[in-house]
Amino acid sequence: MDWPIAEVARMSGVTARTLRHYDETGLLPPARIGANGHRYYGERQLLRLQQILVLRALGVGLPEIGRILSEEVDEVDALRGHRRRLLAERDRLDALAGTVSRTIAELEQSRKDDRPMSINRPENLFEGVTPSHYEANMRDHPELAQEVGRRAATMSQADADAAHRERTAQMIRLAELMAAGRPADADPVQAEIDTQYRALTELRAVSVEEYRAIGRSLVDNETWRAAYEAVAPGLAAYQRDAMEVYAATRLT
């Protein structure tokens, strides 16, 4: 039995345009093309589409999906591998959801008590958020990602841990400024952004537009946004706005 592309689109929630793109790139050719020129898909193609969508849900890019599927011939073995990835991602998201819940509770209590949020154990803010997720989500900025990877490869574990603690501290300081009601263009906020910008440009020169694009990625990239929101709701947009102010007032 096979199904026309319109029916597959309805069942899967994937647009016909996307299915045609998958065919054109060789990721998901149809079982056959009818005399009317329409694509038709069989059970094997539906199973492959399921694998594609599972990997997409895990944040894997299309080129990497093609590589993974080309190496995994047996559908059962492939699905077992995808299931392991899904369970690992579920555990990570459960931990991340718990982190966000704790932060929400702490922020609500601080507002009820009319006091700034106090963070006693900053490491708890990042449960479920790992550096590997940061690096994986720099794919929108490949040159910078390459430089970060090169620098990371030369660092000792102690240096890497220290760098991660400093990034954590920076995010916490911004979260506390946000919780205190300081606007994105306030001097203390811009001082934090300046420190971050100087650390960034130690890796390599960054144009004004690229810097603004990095700021937008904090909100537009789902994983990056989740990392910031795990610290405090609204922090991703707050950091983006502060970076935009910095770009407009100091870089142009």
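Residues numbered from 1 in each chain as written. Predicted model: local features only at pLDDT ≥ 70, side-chain atom pairs only at ≥ 80, totals over all residues. Heavy atoms only, no water.

The next subject is the overall build of the protein. Looking only at helices and strands, one finds twelve helices and three strands in the protein. Expressed as a percentage of the 252 residues in the protein, the buried residues total 37%. Contacts spanning at least 24 positions in sequence make up 62% of the contacts within the protein whose residues lie at least 6 apart. (Helix = DSSP H or I, 4+ residues; strand = E, 2+ residues; numbered from the N terminus. Buried < 20%, exposed > 50% of the residue type's maximum accessible area, 1.4 Å probe, protein only. Contact = heavy atoms within 4.5 Å.)

Below, the discussion takes up the environment of Arg20. With respect to the element layout, Arg20 can be found in helix H2 (residues 16-24). Taking C-alpha positions, Arg20 is 8.6 Å from Ile5, a pair spaced 15 residues apart along the chain. Contacts of Arg20, omitting those with residues within four sequence positions, involve Ile5 and Arg39.

For the rest of this paragraph, the subject is the sheet that holds strand E3 (residues 39-41). Ordered by their spatial adjacency, three strands build an open sheet running E1-E3-E2, and the pairing between neighbours is antiparallel. This sheet does not close on itself; its edge strands, each paired only once, are strand E1 (3-4) and strand E2 (32-33). (Pairing = 2+ DSSP bridges.)

Further remarks concern the nonpolar core. Across soluble globular proteins, nonpolar side chains have a tendency to be buried as a group. If you look at the biggest cluster of nonpolar residues, it comprises 28 residues, and the most contacted ones within it are Leu174, Val189, Ile193, Tyr211, Tyr228, Leu235 and Tyr238. Mapped by element, the contributors of at least two residues to this core are helix H8 (157-179), helix H9 (187-203), helix H10 (208-220), helix H11 (222-231) and helix H12 (235-250). Look past the residues within four positions of Leu235 in its chain and what remains in contact with it is Met171, Leu174, Ala175, Met178, Tyr228 and Glu229. Of all hydrophobic cores here, the second largest spans 17 residues; its members include Leu27, Tyr41, Leu49 and Ile52. (Core = buried A, V, L, I, M, F, W, Y, C linked by side-chain atoms within 4.5 Å.)

With that out of the way, let us pick up the environment of Leu200. Looking at where Leu200 falls in the secondary structure, it is placed in helix H9. A relative accessible area of 15% places Leu200 in the buried class. The spatial distance from the C-alpha of Leu200 to the C-alpha of Tyr211 is 9.5 Å, given a sequence separation of eleven residues.

Let's shift gears to the confidence of the model for the protein. Summing up the model confidence of the protein, the mean pLDDT is 79 and the portion of residues at 70 or higher is 75%. Taken element by element, the predicted model of the protein shows its lowest mean pLDDT in helix H6 (residues 131-136) (46) and its highest in E2 (96). Note on residues 119-127: pLDDT is under 50 here. Beyond four places in sequence and across chains, it has 21 contacts. Note on residues 129-137: pLDDT under 50 across the span, and 15 contacts to partners over four residues away in sequence or across chains. (pLDDT = per-residue confidence, 0-100.)

Before going further, it helps to spend a moment on the pattern of salt bridges. The tally for this structure, following the rule as stated, stands at nine salt bridges. As a salt-bridge pair, Glu7 and Arg10 come within 2.6 Å of each other at their nearest N and O atoms. One end of the pair, Glu7, and the other, Arg10, are both in helix H1 (residues 5-12), three residues apart, so they sit about a helical turn from each other. For Glu7, a relative accessible area of 26% corresponds to the partly exposed category. Two residues, Asp194 and Arg198, come together in a salt bridge whose shortest N-O distance is 2.9 Å. Within this pair, Asp194 and its partner Arg198 are both found in helix H9, separated by four residues, close to a single helical turn. Residue class for Asp194 comes out buried when judged on its relative accessible area of 14%. Residues joined by salt bridges that share partners form a network here, namely Asp194, Arg198 and Arg250. (Salt bridge = Lys/Arg side-chain N within 4 Å of Asp/Glu carboxyl O.)

For the rest of this paragraph, the subject is H10. For H10, which comprises 13 residues, the first-to-last C-alpha distance of 18 Å matches the rise-based estimate of 18 Å (1.5 Å per residue) to within 8%. When H10 is considered as a whole, its buried residues turn out to be Glu210, Tyr211, Arg212, Ile214, Gly215, Ser217, Leu218 and Val219. (Expected span 1.5 Å × (residues − 1).)

Okay, the packing of H10 against H12 next. Running from amino to carboxyl end, H10 crosses H12 at an angle of 170°, the nearest separation of the two axes being 7 Å. It follows that H10 is roughly antiparallel to H12 by the angle criterion. The chirality of how H10 crosses H12 is left-handed. Where H10 abuts H12, its residues Val208, Tyr211, Arg212, Ile214, Gly215, Arg216, Leu218 and Val219 lie against Ala236, Ala237, Gln239, Arg240, Met243, Glu244, Tyr246, Ala247 and Ala248. (Axes fitted to C-alpha atoms, helices over the stretch in contact; angles between N-to-C directions. Parallel < 35°, antiparallel > 145°, perpendicular 65-115°, else oblique. Left-handed = near helix turned anticlockwise from the far one by under 90°.)

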